[in-house]
Amino acid sequence: MNSKIWLSSPHMGGTEQQYINEAFESNWIAPLGPNVTGFENSLQSYLANNVEVAALSSGTAALHLSLILLGVGQGDEVICQSMTFSASANPIAYQGATPVFIDSEPDTWNMCPVALEKAIIDRISLGKTPKAIIAVHLYGMPYKVDEINKIAQQYNIPVIEDSAEALGSTYKGISCGTFGEFGILSFNGNKIITTSGGGALAVKNAELKKKAVFLATQARDEAPHYQHSVIGYNYRMSNICAGIGRGQMEVLDDHVQLRRKVNQYYVTYFGNIEGVSVLQEPNSDYFSNHWLTAIYLDPKIHGEKSAEDLRLLFEENNIESRPLWKPMHLQPVFEGTPYYGETVAENLFKNGLCLPSGSNLTEAEMERIGTVLDTFFQLKLKHTFTY
Ligand SMILES: *Cc1c(COP(=O)(O)O)cnc(C)c1O
């Protein structure tokens, strides 16, 4: 059996181990230390745009802290993109608030500005002004930043920018993760860089970062004994994980280039196949890290079940591919929550597929993927290798 080809797997650069060794040598085996500070500084200068970064235990923790810092609580409503990973929406429930889900638009597959504005107007008319908007750069593709920000400003609702999949992506030359009042990053195992597990929160000033770190380290008041005036959390990143992160930052731009190369391979490949579109930047304002390459199979040409059939054929060949994120408004756990939009996200979910996209895919692996695609689309010609 051929070895497994993963959708997206950890890809070490080489220096990660050195930073971990330094942590051991200096005995900083704790959720603070020089690697945490170094990793934060490195993220800050990479993102630029004057953000302050707090390294945390996960992207989910960063989302949760954002909601807490915005004062979201019991009975509040928070708007959230429907087509996303559940981690975007779960922290709303942690706070006892209700998510209001929004459909995607067809250009970036992210939050539809038209549905967003409709939702805001409707919620306000019901006496429920949303407390925040969680917008997601899915698969690394920037959402319509100008449109979403304009609406958010008009109604004075803060944006939490879920940039978990979009480190290295930009919109009009500015880093994703710096557009919202809060920007969140994830360094889980399959993200563009990994710390084995981890995340970060990007905020606009040192005061906000201080508040985030305070909450992330059990909200301890200034006193010699342990005194607490608010509920705290244990959300800080470990100095060992941060060491991996420092090493990964050295290869982040390479990873972006490699993922974009994989994407280009698929774009070229599907350029010759009718009824398959690859998620692409709508214009040069958008620059995606192409964390995952996702395709949409037109059901009128390929039939209703073809994305799943393709996934199964990949699986037979020990290759991992994955359906697009199932929209949150279709998830049993969020049944009955308000939803605004049409069926864009639902159609994408039914007919879309994420293809192997790792920065560590070899030429031989790309060739195996190409052979499966040839078989599926019944290409008579032998696949011409262009990776
Ligand atoms: C991975 C991911 C998260 C959560 O990040 P973790 O570090 O795994 O907690 C949140 N939102 C999106 C869109 C993600 O892909």
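Use the structure listed above.
Let me begin by describing the structure that accompanies this report. Since the structure is predicted, the reported quantities are computational estimates derived from the model, not experimental observations.

1. A word on the sheet that holds strand β2 (residues 77–81)
As a general point, the strands of a sheet are linked pairwise by backbone hydrogen bonds and lie either parallel or antiparallel.
At step 1: With mixed pairing, the eight strands of this open sheet are ordered in space as β1-β9-β8-β5-β4-β2-β3-β13. Every other strand in the sheet has two partners, leaving β1 (52–56) and β13 (339–340) as the edge strands with one partner each.
At step 2: Here strand β5 (residues 159–162) runs beside strand β8 (residues 182–186); their pairing, made up of three bridges, is parallel. The partner of I160 across the bridge, within β8, is F182.
At step 3: Of the strands in this sheet, β1, β8 and β9 (199–203) are in contact with helix α2 (residues 34–47), which crosses β1 at around 135°.

2. A word on the site of the ligand
At step 1: Taken together, 15 residues form the shell around the ligand, and within it T60, D162, E165, S186 and K191 come nearest.
At step 2: Side-chain polar atom of T60 to an oxygen atom of the ligand: 2.5 Å apart, as the coordinates give it.
At step 3: Between the ligand and G198 there is a distance of 3.4 Å, counted from an oxygen atom to a backbone nitrogen or oxygen.
At step 4: When isolated, the ligand has an accessible area of 380 Å², and the protein chains bury 95% of it.
At step 5: A molecule is said to occupy a pocket when more than half its atoms come within 2 Å of that pocket's grid points, and by this definition the ligand occupies the second largest pocket.
At step 6: The residue makeup of the shell around the ligand, split by class, is four nonpolar, eight polar and three charged.

3. Re the packing of aromatic side chains
At step 1: Applying the stated criterion across every chain, the model contains twelve aromatic pairs.
At step 2: Measuring from ring centre to ring centre gives 5.2 Å for F101 and F334, while their planes differ by 65°; the resulting arrangement is edge-to-face. A residue pair is termed long-range when its members are at least 10 positions apart, and F101 in strand β3 (residues 98–102) and F334 in the loop between α11 (306–316) and β13 qualify at 233 residues.
At step 3: Taking relative accessible area as the criterion, F101 reaches 0% and is therefore assigned buried.
At step 4: On the numbers, 5.3 Å between centres and 25° between planes, the contact of Y233 with Y235 is stacked.
At step 5: You can call Y235 buried: its relative accessible area is 17%.

4. With respect to the pattern of salt bridges
At step 1: Under the criterion given, the structure shown has twelve salt bridges.
At step 2: In this structure, the salt-bridge partner of K144 is E105, at a minimum N-O distance of 3.7 Å. You can see K144 sitting in the loop between β4 (132–136) and α6 (145–154) and its partner E105 sitting in the loop between β3 and α5 (113–125), a full 39 residues away along the chain. You'll find K144 and E105 in the same group, each marked buried.
At step 3: Taken together, the shared-partner salt bridges connect E40, K209 and R236 into one network.

5. Considerations on the sheet that holds strand β10 (residues 276–278)
At step 1: The strand order β10-β12-β14 describes an open sheet built from three strands, whose pairing is antiparallel. Each edge of the sheet is formed by a strand with only one pairing partner; in this case those strands are β10 and β14 (352–355). Sheet twist, expressed as the average angle between the axes of neighbouring strands with direction ignored, equals 25°.
At step 2: Here β10 runs beside strand β12 (residues 293–297); their pairing, made up of three bridges, is antiparallel. Within β12, the residue paired with V276 across the bridge is L297.
At step 3: Along the sheet face, helix α9 (residues 252–270) touches β10, β12 and β14 and points at about 155° away from the line of β10.
At step 4: Here α11 sits on the sheet in contact with β12 and β14, set at roughly 25° to β14.

Each value, and the rule that gives it
- Residues numbered from 1 in each chain as written.
- Predicted model: local features only at pLDDT ≥ 70, side-chain atom pairs only at ≥ 80, totals over all residues.
- Heavy atoms only, no water.
- Pairing = 2+ DSSP bridges.
- Helix = DSSP H or I, 4+ residues; strand = E, 2+ residues; numbered from the N terminus.
- Contact = heavy atoms within 4.5 Å.
- Axes fitted to C-alpha atoms, helices over the stretch in contact; angles between N-to-C directions.
- Near = heavy atom within 4 Å.
- Polar contact = N/O pair within 3.5 Å; in protein donor to acceptor, adjacent residues only side chain to side chain.
- Areas by Shrake-Rupley, 256 points an atom, 1.4 Å probe, with all protein chains shown as cover.
- 1 Å grid on protein atoms, 1.4 Å probe; cavity = no way out; pocket = protein on both sides within 12 Å on 5 of 7 lines; lining within 4 Å.
- Sits in = over half its atoms within 2 Å of the grid points.
- Nonpolar A, V, L, I, M, F, W, Y, C, P; charged D, E, K, R; others polar.
- Phe/Tyr/Trp six-rings, centres within 6.5 Å; stacked < 30°, edge-to-face > 60°.
- Buried < 20%, exposed > 50% of the residue type's maximum accessible area, 1.4 Å probe, protein only.
- Salt bridge = Lys/Arg side-chain N within 4 Å of Asp/Glu carboxyl O.

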